[in-house]
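Examination of the molecular architecture
Chain residues, written in single-letter form:
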Number of protein chains: 2
Amino acid sequence: MQKPSIPKGTRDFSPVEMMRRNYIFDTIKRIFRLYGFAPLETPSMENLSTLLGKYGDEGDKLLFKVLNSGDYAAGLSDDEVRQASKICEKGLRYDLTVPFARYVVQHRGEISFPFKRYQVQPVWRADRPQKGRYREFYQCDVDVIGTRSLLCEVELVEIVERVFRALGIRVALKVNNRKILYGIAETIGHADKMTDITVAIDKLEKIGLDNVKAELAERGLDKRAVEQLQPILELSGDNKQKLNALKVIIGGSETGLKGIGELESVFGYIERSGVGLQVDLDLSLARGLNYYTGAIFEVKALDYAIGSICGGGRYDDLTGIFGMPDTSGVGISFGADRIYDVMTGLGLFPEEVDSSTRLLFANFGGEEEAVSLALLRQLRDAHIAAEIYPEASKMKKQMEYADRRSIPYVAIVGSDELAAGAVTLKDMRTGEQRKVAFGDLVKYVK
Amino acid sequence: MQKPSIPKGTRDFSPVEMMRRNYIFDTIKRIFRLYGFAPLETPSMENLSTLLGKYGDEGDKLLFKVLNSGDYAAGLSDDEVRQASKICEKGLRYDLTVPFARYVVQHRGEISFPFKRYQVQPVWRADRPQKGRYREFYQCDVDVIGTRSLLCEVELVEIVERVFRALGIRVALKVNNRKILYGIAETIGHADKMTDITVAIDKLEKIGLDNVKAELAERGLDKRAVEQLQPILELSGDNKQKLNALKVIIGGSETGLKGIGELESVFGYIERSGVGLQVDLDLSLARGLNYYTGAIFEVKALDYAIGSICGGGRYDDLTGIFGMPDTSGVGISFGADRIYDVMTGLGLFPEEVDSSTRLLFANFGGEEEAVSLALLRQLRDAHIAAEIYPEASKMKKQMEYADRRSIPYVAIVGSDELAAGAVTLKDMRTGEQRKVAFGDLVKYVK
């Protein structure tokens, strides 16, 4: 018989991996809740009509389509059966943003706006599997929709600070504003080419200034425009200095000035609130998604080389695709897989995360087992995760089990212990053994 | 534009529904962990070869199949394209049991047996949607595999007790043993018809004794056998009396006696451990799944009419389908949707479950907003979920928002409060207002 396997690009998560992942998810969710965000879940399958056309041609190709159930080909011609759109009406969600927009429009009558929601669910993409890229992965999104208040941007910055502080990851937050990028495009006489410009700028760090300039020329920007752009890309100084310099350069663009004003407000709030996080205006930050219209964010780990581990921005018309225009919102998404890699790479998971059980009773059967079971019940009543080895096997086997499961304590109740009314408690980390009276066990292990 | 919708049989879970569902999931998981069970997750998609043939012909039809990505029909003849098996190689998981068995076999070298795992994930079935039946729903499974120890059965009974006690649901646990059912079949001379007999017995409560007898005759049992069965179905008394009577009736069946012995052990452990749960031997309990070989369990709510809300049993060869025989295990599954319905029906959700935020600051802008933000930060530092209305809107609108979100406290910091150094705190449940000094707010609200 063939060894069983799973589809390429998908993963099993072992208990240790799960406990580490849950440590990340629980931390993130706890802080989302601290800011008044409430959980939401949408179905794994959406109608294809909801998904198609929302992620560009490339995205459409990466959707996993679900075959219609029952006799999927009944009544269809051969040509029709060869069209995925005829035999599939549902697809697996590709991200959490489009389902969120769909939810908001569908349930607009029941929602109290501003609507603060978080959503932590898997998404699926038929990408070519490669290192660090999976066909099923979790997204952790947090959004507030239905207000233009810049306090929301500030809250998201605070959330970023608290999450990574709690996880022990030192990070820098890069901020930009799409309105400034538009202002730049307008100023150099290519307002129509904002998308080309931002896509090219987005690559500045990866491919360097010269290649970006070449790419901009390729995308139809004349030489003068490309040259006008250069000083903007090379702006230096702190956030305030950069914004002041920008005010002069793109002062002719109303939209650009509005973007500058927004960032000044956000930076002002952040300064007053005493957020202990490095926040840098980075004009090369563009982010690929076209629905952003205001602030954009990206978080990088300072001590580990990996792409961005969190990002997002403000959008003014996300729900417009489903017929509900003029509903502004802002959100960010945490990349759980990369955060996991950073924490593993830097050894940041607390030791206790790896053990699901605090204490194991060795099993000797008979009266010893009966007494162990009574003590075990006391531990569980005191909310201490504990178990008993289910069989009276050889001691070595039972100890190996405790060791492989990273259980810190093994309690031994043999005939001597029964007589003495005290367990022999072995600390598996130090190897140290000591006697603990039955009545003191809960207190000692807690 | 058409109002957006979701596929039939699927659901969106609103924040209030999610908070209630999480209350159930968190309670169940916490108690799983208390017993030393560790989390596991498997991919949503499995290879169709893993899934097909594991759930009977009916189950195969209910699998959701995922279309191969890319050019799925390339190089196939028209006939081939009409075969789902040619254009789909993956399917959505149908339950958590088969993926668990697949996982255990695939990772046998890394697992420490006995392997105690819990798994809470959605499953998908292309069932006809109807009230209470969905095409996507969560299962909460807990299993221990790699030991025949009856202590595991006892642990599961204790878990059932703790979960439903924590949730406030009064329940009865029905227990039976497949070996006893086999012993019965053997005794009446139809050992080969055990499946027919158990399927028929399973319907006893639903269709009554006469119909079960008719069905048994239809399934090929002769009249004498059906009559021999009747006294067994009508056994009465407590568990001990029933088992003693059974020992006489099926005493000629070695397997049957073994089943009786197993249940006597389990009942003995339960009695000594003082589990405060009604546990009844019910010989009409059969459960549909053929892989059970020992104890079987089913839990019903005492105060709410609905099917079983939890069930499971012991299996001796679950992993045999993937080439790893003789690996006994036992597990149960909690029905989250039904538990949700019971709790909603009986009004068992604690009030605080419905509010994600404990306190809302009304927003008046300016200096008042700045002071509110500073206080807000103090609350959050003290782990109190709090927020500020993001705009300085009309008071009525802000109050309505707090009301609709079930936020228990609204803090007002206007010019008077600024001067007095105290917030006006409104209790939204009672309508009562009082002044609380800035420095006392955390303590008061906590």
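The rules behind each value
- Residues numbered from 1 in each chain as written.
- Chains lettered and ligands numbered in written order.
- Predicted model: local features only at pLDDT ≥ 70, side-chain atom pairs only at ≥ 80, totals over all residues.
- Heavy atoms only, no water.
- Helix = DSSP H or I, 4+ residues; strand = E, 2+ residues; numbered from the N terminus.
- Rg over C-alpha atoms; globule rule 2.2 N^0.38 Å.
- Buried < 20%, exposed > 50% of the residue type's maximum accessible area, 1.4 Å probe, protein only.
- Contact = heavy atoms within 4.5 Å.
- Areas by Shrake-Rupley, 256 points an atom, 1.4 Å probe, with all protein chains shown as cover.
- Lys, Arg positive; Asp, Glu negative; His and termini not counted.
- Charge placed at Lys NZ, Arg CZ, Asp CG, Glu CD.
- Pairing = 2+ DSSP bridges.
- Axes fitted to C-alpha atoms, helices over the stretch in contact; angles between N-to-C directions.
- Arc of directions from axis to C-beta.
- Polar contact = N/O pair within 3.5 Å; in protein donor to acceptor, adjacent residues only side chain to side chain.

1. Considerations on the overall build of chain A
Looking only at helices and strands, chain A has 18 helices and 16 strands in total. Computed over the C-alpha atoms, the radius of gyration of chain A is 28 Å, more than 25% above the 22 Å expected from 2.2 N^0.38 for a compact globule of 446 residues. Dimensions of chain A, computed from the C-alpha atoms along their principal axes, are close to 90 × 65 × 45 Å. Taking all 446 residues of chain A together, the buried fraction comes to 59%. Relative to all contacts within chain A whose residues are 6 or more apart in sequence, the contacts with residues 24 or more apart total 67%. Carbon and sulfur atoms provide 47% of the accessible area of chain A, an area that totals close to 18400 Å². Taking the average place of the 61 positive charges on the side chains of chain A and the average place of its 64 negative ones, the gap between the two points comes to 1 Å.

2. A few points about the sheet that holds strand E15 (residues 422-427) of chain B
The pairing of strands in a sheet comes from backbone hydrogen bonds and takes either a parallel or an antiparallel form. Residue and element names in this part refer to chain B. Read from one edge to the other, the open sheet built from five strands follows the order E13-E12-E14-E15-E16, with strand pairing classed as mixed. Of all strands in the sheet, those with a lone pairing partner are strand E13 (386-388) and strand E16 (433-437), marking the two edges. Neighbour to neighbour, the strand axes of the sheet diverge by 25° on average, direction disregarded. In the sheet, strand E12 (residues 359-361) pairs with strand E14 (residues 409-412) via three bridges, with the strands oriented parallel. Among the inter-strand pairings, Leu359 is bridged to a residue of E14, identified as Tyr409. Contacts from helix H15 (residues 366-381) reach E12, E13 and E15, with the element oriented near 165° to E13.

3. Points about helix H12 (residues 239-249) of chain B
Residues and elements named next belong to chain B. Taken together, the buried positions of H12 are Asn239, Lys242, Leu243 and Leu246. An end-on view of H12 places all buried positions within 95° of arc, on one side of the element. Residues Lys240 and Val248 are exposed on H12 and point more than 90 degrees away from its buried face. At the N-terminal end of H12, a side-chain oxygen is found 3.2 Å from the backbone nitrogen of Lys240, two or three residues along, and the residue is Asp238.

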